[in-house]
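Now for the letters of each chain:
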Amino acid sequence: FKLSFAYDLVFHHKGSGDGFWLGSAHESEGTKAALAFFSVALRSLSSGATTVIDELDSSLHPTLLRDFVSLFADPKGAQLIFSTHDVTLMTRTSPMEEVLERDQVWFVEKDSEGASQLIAAMEYSPRANENLGRNYLNGVYVPLPNPSFHQLVAQLMKEGADIDG
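Residues numbered from 1 in each chain as written. Predicted model: local features only at pLDDT ≥ 70, side-chain atom pairs only at ≥ 80, totals over all residues. Heavy atoms only, no water.

(A) Broad picture of the pattern of salt bridges. According to the stated counting rule, one finds two salt bridges in the structure shown. Glu29 is paired through a salt bridge with Lys32; the nearest N and O atoms lie 3.3 Å apart. One end of the pair, Glu29, and the other, Lys32, are both in helix 1 (residues 29–47), three residues apart, so they sit about a helical turn from each other. (Salt bridge = Lys/Arg side-chain N within 4 Å of Asp/Glu carboxyl O. Helix = DSSP H or I, 4+ residues; strand = E, 2+ residues; numbered from the N terminus.)

(B) View of the side chain of Glu130. Residue position: Glu130 is located in the loop between strand 6 (116–120) and helix 3 (132–137). Look at Glu130 and you get buried, because its relative accessible area is 10%. Among the polar contacts listed, one links the side chain of Glu130 to the side chain of Asn135, at a separation of 2.9 Å. One polar contact links Glu130 to Tyr141, side chain to side chain, over a distance of 2.5 Å. (Buried < 20%, exposed > 50% of the residue type's maximum accessible area, 1.4 Å probe, protein only. Polar contact = N/O pair within 3.5 Å; in protein donor to acceptor, adjacent residues only side chain to side chain.)

(C) Expanded view of the layout of surface pockets. Counted as a void, the largest pocket has a volume near 1200 Å³. Elements supplying a minimum of two residues to the lining of the largest pocket: strand 3 (50–53), helix 2 (62–70), strand 4 (79–82), strand 5 (106–110) and strand 6. When grouped by side-chain class, the residues that make up the lining of the largest pocket number 24 nonpolar, seven polar and six charged. (1 Å grid on protein atoms, 1.4 Å probe; cavity = no way out; pocket = protein on both sides within 12 Å on 5 of 7 lines; lining within 4 Å. Points joined across faces, edges and corners; volume = space filled by probe spheres on them. Nonpolar A, V, L, I, M, F, W, Y, C, P; charged D, E, K, R; others polar.)

(D) Here's a closer look at the packing of aromatic side chains. In this structure the tally under the stated criterion is seven aromatic pairs. On the numbers, 6.2 Å between centres and 70° between planes, the contact of Phe107 with Tyr124 is edge-to-face. Remark: Tyr124 occurs in the loop between strand 6 and helix 3 and Phe107 occurs in strand 5; sequence separation between them is 17 residues. For Phe107, a relative accessible area of 3% gives the class buried. (Phe/Tyr/Trp six-rings, centres within 6.5 Å; stacked < 30°, edge-to-face > 60°.)

(E) Molecular detail of empty space enclosed by the protein. One pass over the full model with this rule turns up one cavity of 30 Å³ or more. Its volume calculated, the largest cavity comes out at about 30 Å³. In terms of lining, the largest cavity is formed by Met90, Glu98, Leu100, Arg102, Ala128, Glu130 and Leu132.

(F) Representation of helix 4 (residues 149–159) in the model. Burial within helix 4 is sparse, with just zero of its 11 residues counted as buried. Following helix 4 by one or two positions, Gly160 has its phi on the positive side, about 70°.

Honestly, that's just the spatial picture; any functional story needs more than this.
Here it is in structure tokens:
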């Protein structure tokens with residue numbers, strides 16, 4: 001018998017019969033991220049606070065990411081500031097699926113010394129129906145990262161590099 005005051009969230013999963021229970025250590029990072037982000041949203045929206053999240057899209061399914069950002073569409077004072085690599089939030093597939101307005105999108109460009117500069121999408125005077133996500137991926141607004149991994153791996157393979165040591 002061991003007395004413990006530690007708490008753990010336990011999640012019920014549907015399955016055959018009554019399903020099964022899993023502790024948080026056995027849950028996916030996406031499930032834990034969703035729980036954390038949505039609890040932050042609840043707190044922020046109820047108090048009118050500003051929430052800042054770096055790489056909001058890490059571990060979140062794209063539909064949960066869209067839902068999370070959409071919670072702040074009519075925030076009653078709350079504000080969400082986040083970074084992401086998920087261009088679907090600014091990709092216009094239809095007026096009903098638009099998550100971010102043109103004036104809510106900012107790009108980050110790094111200079112040759114690694115310093116970052118924020119650039120508002122509005123500085124490029126995008127049209128009202130312009131597909132910001134597609135144009136971003138085509139390099140219309142800021143230069144895209146060009147790590148050339150394919151070329152690096154090909155060169156290392158050609159040189160017979162020892163990847164183990």
